[in-house]
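Fold and contact review
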Protein chains: 2
Amino acid sequence: MTPSQTAVRPDDAPEPTYTGPVEDYLKTIYELERATGTATTTDIAHRLAIAPASVTGMVRRLADQRLLKHEPYRGVRLTQAGQRVALRTLRRHRVIETFLARVLGYPWDAVHDEAERLEHAASDELVDRMATALDEPTVDPHGAPIPSRDGTVNDRRYASIADLPLGQRARLVCVSDDDPARLRYLAELGLTPGALVVVLARAPFEGPLSIRVGDPGRAADHAIGPALARALLVEPS
Amino acid sequence: MTPSQTAVRPDDAPEPTYTGPVEDYLKTIYELERATGTATTTDIAHRLAIAPASVTGMVRRLADQRLLKHEPYRGVRLTQAGQRVALRTLRRHRVIETFLARVLGYPWDAVHDEAERLEHAASDELVDRMATALDEPTVDPHGAPIPSRDGTVNDRRYASIADLPLGQRARLVCVSDDDPARLRYLAELGLTPGALVVVLARAPFEGPLSIRVGDPGRAADHAIGPALARALLVEPS
DNA sequence: GTGGCGATTTAGCCTAAACTAATTATCATC
DNA sequence: GATGATAATTAGTTTAGGCTAAATCGCCAC
Ligand SMILES: [Mn+2]
Ligand SMILES: [Mn+2]
Ligand SMILES: [Mn+2]
Ligand SMILES: [Mn+2]
C-alpha cells in the first residue's frame, strides 16, 4: 500500500468552483484515463449517458480552461489542474458514500446515486468534517480508495478475479459501484470488500467461473459470468 | 403550539423534481407571503440577489407550471402545488441545518450557506434519515419550525422583541439566520433560542433597546438597535 | 385630472449544456 | 492505394436562467 503522488497543488490560490457537469466530466475522464490510457469521445459519452456531439462541445470548453488537452480525433488528457479537480470530486464522492453508509445506515447499493449529486453541493469544509467523523477513511463502501485532502491517492492496480490463477487464495478489494441491482446480487453472494475468494474452475470461450467465497468453514460456491468477474478486483493473499 | 395545516398533498403522484433556482424562488416567495401578505417582484429580487427583470421571467415560467398565480404589477401568490414544493424545500433546509449543527459540529452561523446548496441535492430519503437520526427535530438551530414529512408546519406568529412591553419576561424563540456575522454577535450576547429576555428600556425615535439576557444570576445587560430587535422573535412567559 | 416617480414588465442579448442531422477523419481491409 | 465502417466533429437548434436598457403601469401629490 504505497500511496503515490498523482497530482500536486502548485500554489495556494483559491480553487475556483466548477459546475456539476464539469466536475462529472473531469471525474469520468480521470477514471477512463486510468483504466484505458486515454479517454475517447465515445467512452465519455457512454459513461455520462449523453450524445457524443455534446462531449465534443464540452471538451472544447474544458480545453479553453486548461483543464485538459484535446487532440482532435484522438482523445483527451487531463492537465495537472484537471486532475486536481477530478481527484477533489472523487474524494467528495467517496467520503460522502462512506458517510451515508456508516453514519446514516444507507445500503451499499443506494449510496452512489445520492453521492453523485451531493458531491457537487458539499463544501470542502463539509467533506473534511465527514472524513474526520469517520476517522479519515481510506476506502469507500465498494473498496475504492479515497484521495487525501491534498490530492494524493493510492493508485495501485489490482488484478481482476477473471485473471486470478486457479486455486489462488485472494481477498476481494474493490467492486464497481454503478449498478444497484448488481451490488445487491454481490452482497447476496458474500462478495463484499475483504471477502476471501478462490477460483475453482474457469470455463473456456468466455464461460462462467466457479468460485468459492468466504472464510473456511463458512464458504459457499457460486458461478459468475466473465463480465461480472472483470468488475471484481482482488489481491492475492 | 398548535401545528396547523398549511398545505395538503392531493394524491400520491410522484412529485416531479425541480431545479435549484425554482426551489429557491418558491421558498423565498413562501416566506415573503407569510411575512408581508404578498410577494412583490422587487422583494423577491432583493432576497435572491438578482435583477427584478429576471424575477419577472421566472415568475412567468412558474405560473405556466401552476406553481403560483401572477397578477401583473400586483404580486404573486403560491398555489397549493407551489406551497407544497416550498414546504418540502424548507423542511430539507432546516433538517440539514440541524444535522450539520448537531451531528457534524458546525457553528450556527455556518449552517445556512451549506444548507442553501444541499437542500437541492439531497433526496427525501436522505432528509428523512437525517430527521430520524436526530429524533425528528421540530426546530432548526435558529429556532425556525421544521415542516413535517407530510407538509404541515407550525405557523404560529411570534412577536418581535421590538414590540415586547417593558419588564415582560419572555423566551427567545427564533432569530433570522441569513447573516453569519450577526449570528456570531447574537451568540456572544447569549441571544440563542430559549434564552430568557426582558426589555429594560426603549429609547424613542428608533433608538436602541436595553435588554437583560439570561437566567437570573447569570443575566447580562446589553443595548441593541431596533433593526436587530425586529429580527428576534419572542414568546412571553 | 395631470405629472411624476418608483415599481414592473418588455425587448433583446448572453452563457452553459444538452440535442439531431450532416459532414469529415481515421483506420483496417481488400 | 481505393473503400467502407466507425468514430468524431461541425452546424444549427433548444431550454433554463441570468443580464441591461427601454418602455409602461399604478398611484400619490398637486
Ligand atoms: Mn460511487
Ligand atoms: Mn456527480
Ligand atoms: Mn437557514
Ligand atoms: Mn437554496
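Residues numbered from 1 in each chain as written. Chains lettered and ligands numbered in written order. Predicted model: local features only at pLDDT ≥ 70, side-chain atom pairs only at ≥ 80, totals over all residues. Heavy atoms only, no water.

Topic: the environment of V22 of chain A
Residue and element names in this part refer to chain A.
- Here V22 shows up in helix α1 (residues 20-36).
- Look at V22 and you get buried, because its relative accessible area is 8%.
- Expressed as a C-alpha distance, the spacing of V22 and V59, which sit 37 residues apart in the sequence, is 9.6 Å.
- Here V22 is in contact with M58, L62 and L67, once residues within four sequence places are set aside. (Helix = DSSP H or I, 4+ residues; strand = E, 2+ residues; numbered from the N terminus. Buried < 20%, exposed > 50% of the residue type's maximum accessible area, 1.4 Å probe, protein only. Contact = heavy atoms within 4.5 Å.)

Topic: the protein's contact with DNA strand D
- In the vicinity of DNA strand D there are 21 residues, among which T42 and H70 of chain A together with T19, A51 and S54 of chain B approach most closely.
- Within 4 Å of the protein, the contacting atoms of DNA strand D are drawn from sugar and phosphate to the extent of 80%.
- In the environment of DNA strand D, a phosphate oxygen lies 2.9 Å from a nitrogen or oxygen atom belonging to the side chain of T56 of chain A.
- A distance of 2.9 Å separates a phosphate oxygen of DNA strand D from a polar backbone atom of A51 of chain B.
- For the surface near DNA strand D, the secondary structure elements donating two or more residues are α2 (41-48) and α3 (52-64) of chain A together with α1 (20-36) and α3 (52-64) of chain B.
- Top contributing element to the surface near DNA strand D by residue count: α3 of chain B, with four residues. (Near = heavy atom within 4 Å. Polar contact = N/O pair within 3.5 Å; in protein donor to acceptor, adjacent residues only side chain to side chain.)

As for helix α6 (residues 124-133) of chain B
- What α6 of chain B keeps buried is the set L126, V127, M130 and A131 of chain B. Down the axis of α6 of chain B, the buried side of the element spans an arc of 135°, and every buried residue falls inside it.
- The elements touched by buried residues of α6 of chain B are α4 (80-102) and α5 (111-118) of chain A together with α4 (80-102) of chain B.
- Of the residues flanking the end of α6 of chain B, it is D135 of chain B, one or two places downstream, whose phi is positive at about 65°. (Arc of directions from axis to C-beta.)

Describing the sheet that holds strand β5 (residues 196-202) of chain A
All names here are of chain A.
- Taken together, six strands build an open sheet; the order of strands is β3-β8-β4-β5-β6-β7 and the sheet is antiparallel. Each edge of the open sheet carries a strand with a single partner, namely β3 (159-160) and β7 (220-224).
- Relative to strand β8 (residues 232-236), strand β4 (residues 169-175) runs antiparallel, the two sharing five bridges. Bridge assignment links L172 to a residue of β8, and that residue is V234. (Pairing = 2+ DSSP bridges.)

Some points on the coordination of the manganese ion (ligand 4)
All names here are of chain B.
- Every protein donor of the manganese ion (ligand 4) is accounted for by D24 (OD), E116 (O), E116 (OE), E119 (OE) and H120 (NE2), and the metal-donor separations fall at 1.9 to 2.3 Å.
- Donor residues for the manganese ion (ligand 4) sit on one chain with the sequence pattern D-x91-E-x2-E-H.
- A residue is classified by how much of its surface remains accessible, and H120, at 23% relative accessible area, is partly exposed. (Donors = N, O, S within 2.8 Å, 3.2 Å for Na, K, Ca; no water.)

Structural notes on the interface of chain A and chain B
- The partner chain B presents 17 residues to the 17 residues of chain A that form the contact.
- Counting each side, the surface lost to burial between chain A and chain B is near 1400 Å², with a carbon and sulfur contribution of 65%.
- Of all residues in chain A, the largest losses of buried area upon contact with chain B belong to L104, A121 and R129 of chain A, amounting jointly to 39% of the total for that side.
- If you look at where chain A meets chain B, you find zero salt bridges.
- Linking chain A with chain B are 10 residue pairs in polar contact (both at pLDDT 80 or more).
- It is helix α6 (residues 124-133) of chain A that contributes the most residues to the side of chain A that touches chain B, five residues altogether.
- Here the side of chain A that touches chain B is composed, by residue class, of 11 nonpolar, two polar and four charged. (Buried area = accessible area lost by both parts, 1.4 Å probe. Salt bridge = Lys/Arg side-chain N within 4 Å of Asp/Glu carboxyl O. Nonpolar A, V, L, I, M, F, W, Y, C, P; charged D, E, K, R; others polar.)

A closer look at the environment of R171 of chain B
Residues and elements named next belong to chain B.
- Position of R171 among the secondary structure elements: in strand β4 (residues 169-175).
- Between the alpha carbons of R171 and H70 there is a distance of 39 Å; along the sequence they are 101 residues apart.
- With near-sequence residues (within four places) excluded, R171 lies in contact with G194, A195, L196, D215, L233, V234, E235 and S237.

Considerations on the relation of the copies chain A and chain B
- Least-squares fitting of chain A to chain B yields an RMSD of 0.0 Å, with the transformation described by 0.0 Å of translation along the axis and a rotation of 180°. Such a turn and shift between the copies fits a two-fold axis.
- The overlap is high: 100% of the interface residues of chain A also sit at the interface in chain B, so the same surface is used on both sides. (Least-squares fit on C-alpha atoms with pLDDT ≥ 70 in both.)

A word on the coordination of the manganese ion (ligand 3)
Residues and elements named next belong to chain B.
- Protein ligation of the manganese ion (ligand 3) involves H93 (NE2), E97 (OE), H112 (ND1) and D177 (OD), the donor distances falling in the range 2.0 to 2.2 Å.
- The sequence motif formed by the donor residues of the manganese ion (ligand 3) is H-x3-E-x14-H-x64-D. Of this pair, H93 sits in helix α4 while D177 sits in the loop between β4 and α7 (180-188); the two residues are 84 residues apart in sequence, bridging distant segments of the chain.
- What makes D177 buried here is its relative accessible area of 19%.

Remarks on the sheet that holds strand β5 (residues 196-202) of chain B
- With respect to topology, six strands assemble into an open sheet ordered β3-β8-β4-β5-β6-β7 (chain B), the strand pairing being antiparallel. A strand with exactly one partner marks an edge of an open sheet, and here the two such strands are β3 (159-160) and β7 (220-224) of chain B.

Section: unusual backbone geometry
- For E136 of chain A, which is not glycine, the phi dihedral falls at a positive 50°.
- Mapped onto the elements, E136 of chain A comes out in the loop between α6 and β3.
- Note on E136 of chain A: relative accessible area 37%, which makes it partly exposed.
- A positive phi angle, near 55°, is found at F205 of chain B, a position not held by glycine.
- On the accessibility criterion, F205 of chain B (81% relative accessible area) is exposed.

Looking at the pairing of strand β8 (residues 232-236) of chain B
- Across two bridges, the pairing between β3 of chain B and β8 of chain B is antiparallel. Considered in β8 of chain B, the bridge of A159 of chain B is made with V234 of chain B.

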